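# Breakdown of the fold
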Amino acid sequence: MEKKLKTVITYGTFDMFHIGHLRMLQRLAEMGNKLIVAVSSDEFNALKGKKCLISYEQRAEIIGNLKMVDLVIPETHWEQKVEDVQKYDVDIFAIGDDWEGKFDFLKEFCEVKYMERTKDISTTQLKKSLSKFLTIPKEDIIRALEVLEILKKDLE
Ligand code: CTP
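This write-up is about the structure you can find in this document. Small disclaimer: the values here were computed from a predicted structure and weren't measured. (Residues numbered from 1 in each chain as written. Predicted model: local features only at pLDDT ≥ 70, side-chain atom pairs only at ≥ 80, totals over all residues. Heavy atoms only, no water.)

## Some remarks on the pairing of strand β4 (residues 92–96)
- Burial runs high along β4: five of the five residues are buried.
- Of the strand pairs in this sheet, β4 and strand β5 (residues 111–115) are connected by five bridges, and their pairing is parallel. Paired with isoleucine 92 across the two strands is glutamate 111, which belongs to β5. (Buried < 20%, exposed > 50% of the residue type's maximum accessible area, 1.4 Å probe, protein only. Helix = DSSP H or I, 4+ residues; strand = E, 2+ residues; numbered from the N terminus. Pairing = 2+ DSSP bridges.)

## Description of the side chain of aspartate 84
- Position of aspartate 84 relative to the elements: it lies in helix α4 (residues 80–87).
- There is no salt bridge for the buried aspartate 84, and the closest opposite charge comes from lysine 87, which lies 5.9 Å off by N-O distance.
- Non-local contacts of aspartate 84, meaning those with residues more than four positions away in its chain, are made with Ile9, Tyr11, Ile73, Asp89 and Val90. (Lys, Arg positive; Asp, Glu negative; His and termini not counted. Salt bridge = Lys/Arg side-chain N within 4 Å of Asp/Glu carboxyl O. Contact = heavy atoms within 4.5 Å.)

## A short note on the site of the ligand
- If you check the shell around the ligand, you find 16 residues, and the closest are Phe14, His18, Ile121, Thr123 and Thr124.
- Here an oxygen atom of the ligand sits 2.8 Å away from a polar atom, N or O, in the side chain of histidine 18.
- Contact between the ligand and histidine 21: an oxygen atom at 2.8 Å from a side-chain N or O atom of the residue.
- Out of a free accessible area of 570 Å², the ligand has 92% covered by protein chains.
- Elements with a minimum of two residues in the shell around the ligand: α1 (19–30), β4 and α5 (123–134).
- Here the shell around the ligand gets three residues from one element, more than from any other, and that element is α1.
- Grouping the amino acids of the shell around the ligand by side-chain chemistry returns four nonpolar, nine polar and three charged. (Near = heavy atom within 4 Å. Polar contact = N/O pair within 3.5 Å; in protein donor to acceptor, adjacent residues only side chain to side chain. Areas by Shrake-Rupley, 256 points an atom, 1.4 Å probe, with all protein chains shown as cover. Nonpolar A, V, L, I, M, F, W, Y, C, P; charged D, E, K, R; others polar.)

Below you can see the structure in the form of structure tokens.
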């Protein structure tokens, strides 16, 4: 019997692309024959109070160049999901389980799956790690460099 072709759609910000993003997209691609990724626009992120390090254009370019992704579309507002599911004849809507239950209203139109996330990594965590570097006061860095210089001279 011929296997039914399935279209999968997912939504996300995908800022500072990391291993959790990659693994999620790999698993989603295995669930069907066509994977559509809606990448949130910078304007939509601003609306959500989220600020990305990487612009929409670059985030969309990275996602669009992954071999498991067939189509990238912008996510510009909360209400577009039903429209997208119908427009692209989507069979499965899937997203990380941090959104568990939030998109059950789509069950009327397609299958809805909440996927387990990769542990111990997120863009928020990466940003936090980065901010630790940035909060070291400039004077402390200068002082540390001076100390290193003194130690170096002592060794000469
Ligand atoms: N994702 C995942 N495992 C992670 C991080 C993200 O499976 N460790 C999934 C999310 O559940 C989502 C997709 O990747 O389906 C895009 O997630 P996004 O919100 O862009 O990534 P986060 O790293 O969670 O970003 P943030 O910390 O800003 O929420």
